[in-house]
Amino acid sequence: MINKVRGTQDILPARFTKKADGQMERWHAVERAAREAFRRYGFEEIRTPILERTELFDRGVGTETDVNKEMYTFEDRDGETISLRPESTAPVVRAYNEHALYNQPGLAKLFYIGPQFRRERPQKGRYRQFWQIGVEVLGSDDPAIEAEVIELLDWYLKRLGITDTELLINSIGDQNCRPAYLVLLKEAIRERLDRLCGTCNQRYETNPLRVFDCKEESCQPVLEELPKLIDRLCDACQAHFDEFQRLLDGREIAYTIVPRLVRGLDYYTRTAFEIVGKRLGSQNTIVGGGRYDGLSEILGGRPVKGFGFALGMERLIISMPESIVNLRSEAPALFVAYIGDEARLHSFALARRLRAAGISVVVDLEARKLKRALAVADSLGAAYSLIVGEDEIKSGAYTLRNMSSGEQKQLAEAELVAHLSKL
Ligand code: HAM
């Protein structure tokens, strides 16, 4: 047998698996609630290709980021270098420019739901193919956008019964205040290199801000000594960050300022945020996002301000309480079993009429013993089953069995439709 690729997963109907993040009913619940959130807040869906030119991510997320190093990249037959998208912010900004979305008045408030690919070491909550739900708001740098997007997330997480989370925020400055800070930071790291781990030493060379992301125990006290960007913001960045907090306060949304929150992609400016969950292990970040005002220009597009987030759907599903999804919610209303060949044909026709009336019907497609047929109905989670035999065809009254109580009723077809339509 050929098995799936390491770090990928199959998503199955719940009755075939106990693994929460592999159950389709949970995925549907998460997607339904997301679409409802986006409808309420006025977001429009965008779908971009899974394949993009590698250059988009080299320029967009930066060549010295982990995300870039984990990309699945190949040379296409015409010599072009292509990558499976590791994230969707750069693709959305590309599409925004390519289709001149800026020609329409107002902001572009876009959302997406789709798979992303990163060749990371797989573990709980970390996959090589994983799914994100994300939003990108393009066209303004008003902190009101940030607060509203976080309000949307607050609504959404509550809707999914996820309450044990924490919102972490930071400001990582902009092109006015960050360069001077980076000089200062590099200097401070340089003096402490011998007390920092190999990864920190490497990041000192390539991407000094990323040292703050180090999880190594022995590095922690050293990192605490380093200067913080949040203490050195320029006036404009400080005003932006203050207003963002004021707007969160106004909504009574709790947050913690984490000066060490730096995010793993190069495009961020000013606001960066994460929502972390308590049910997850080391991979506890459910949502990550922030502002990326210079990204469009980096990609060769027109100057446009942007803010957005993406959440990992697998991590979201692991964080959801078991009880929030009815795993039988997609089960058929009716399973039709029959006895004999005439009843079989009759059942097919009856099932077709019931479906035309809007009822979900599974008709047994394999002639088998009644007991076996009812076991199938049970496994499918059908609410009712119907047994069709010669007598039923003659009398025009069918025996409808409630699968949970075992109670049976005789009903004519019209009554059957009326009864099942109420489900
Ligand atoms: P990110 O922090 O790289 O940001 O990813 C966002 C979320 O995707 C993470 O918080 C996590 O839930 C999930 N995720 C990332 N990698 C994996 C993985 N290997 N397995 C499972 N889940 C994963 C971005 O992707 C940005 N594009 C977010 C953004 C949008 N910023 C502005 N707009």
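Bear in mind the structure is a predicted one, so any value in this text is a computation, not a measurement.

Asks: What am I meant to see in the domain arrangement of the protein chain here?
Replies: The parts lose accessible area when they come together, and the size of an interface is often stated as this lost area. Each assigned domain of the protein chain is listed here: domain 1 (14-177 + 233-324) and domain 2 (334-421). Using only C-alpha atoms to locate each centre, domain 1 and domain 2 end up separated by 47 Å.

Asks: How do you make sense of the nonpolar core when you look at a structure like this?
Replies: Nonpolar side chains in soluble globular proteins tend to end up buried together. If you look at the biggest cluster of nonpolar residues, it comprises 95 residues, and the most contacted ones within it are Tyr156 and Phe273. Listed in part, the 19 residues of the second largest apolar core include Ala333, Val361, Leu400 and Leu420.

Asks: Quick question: what am I supposed to make of helix H5 (residues 143-159) here?
Replies: One turn of the α-helix equals 3.6 residues, which is why residues spaced by three or four share an orientation. Along its 17 residues, H5 runs 24 Å from first to last C-alpha, staying within 8% of the 24 Å computed at 1.5 Å per residue. All of the buried residues along H5 are Pro143, Ile145, Glu146, Ala147, Val149, Ile150, Leu152, Leu153, Tyr156 and Leu157. A side-chain oxygen of the first residue of H5 lies 2.8 Å from the backbone nitrogen of Ala144; this N-cap is Asp142. With its phi angle positive at about 75°, Gly161 sits one or two positions after the end of H5.

Asks: Before we go on, may I ask you to explain a nonpolar patch on the surface in this structure?
Replies: A contiguous nonpolar surface patch, about 240 Å² in accessible area, is contributed by Ile50, Leu51 and Phe74. Structurally, Leu51 is set in strand E2 (residues 51-53). Given a relative accessible area of 44%, Leu51 falls into the partly exposed group.

Asks: I'm lost on the pattern of salt bridges in this one. Help?
Replies: Close approach of charged atoms allows side chains of opposite charge to pair. Applying the stated criterion to the full structure yields 29 salt bridges. Arg270 serves as the salt-bridge partner of Asp174, at 3.5 Å between the closest nitrogen and oxygen. Of this pair, Asp174 sits in the loop between strand E7 (165-171) and helix H6 (178-190) while Arg270 is found in strand E9 (residues 269-277), placing the two residues 96 residues apart along the sequence. Arg270 carries the same exposure label as Asp174, and that label is buried. As a salt-bridge pair, Glu274 and Arg263 come within 3.0 Å of each other at their nearest N and O atoms. Placement of the pair is Glu274 in strand E9 and Arg263 in the loop between strand E8 (256-257) and E9, with a sequence separation of 11 residues. Among the residues examined, Glu274 registers a relative accessible area of 13% and is labelled buried. Residue classification places Arg263 among the buried positions, given a relative accessible area of 13%.

Cut-offs used in this document
- Residues numbered from 1 in each chain as written.
- Predicted model: local features only at pLDDT ≥ 70, side-chain atom pairs only at ≥ 80, totals over all residues.
- Heavy atoms only, no water.
- Domains from an automatic or database assignment.
- Core = buried A, V, L, I, M, F, W, Y, C linked by side-chain atoms within 4.5 Å.
- Buried < 20%, exposed > 50% of the residue type's maximum accessible area, 1.4 Å probe, protein only.
- Helix = DSSP H or I, 4+ residues; strand = E, 2+ residues; numbered from the N terminus.
- Expected span 1.5 Å × (residues − 1).
- Polar contact = N/O pair within 3.5 Å; in protein donor to acceptor, adjacent residues only side chain to side chain.
- Patch = residues over 30% accessible without salt bridge, like charges linked within 9 Å, V, L, I, M, F, W, Y side chains within 5 Å.
- Areas by Shrake-Rupley, 256 points an atom, 1.4 Å probe, with all protein chains shown as cover.
- Salt bridge = Lys/Arg side-chain N within 4 Å of Asp/Glu carboxyl O.

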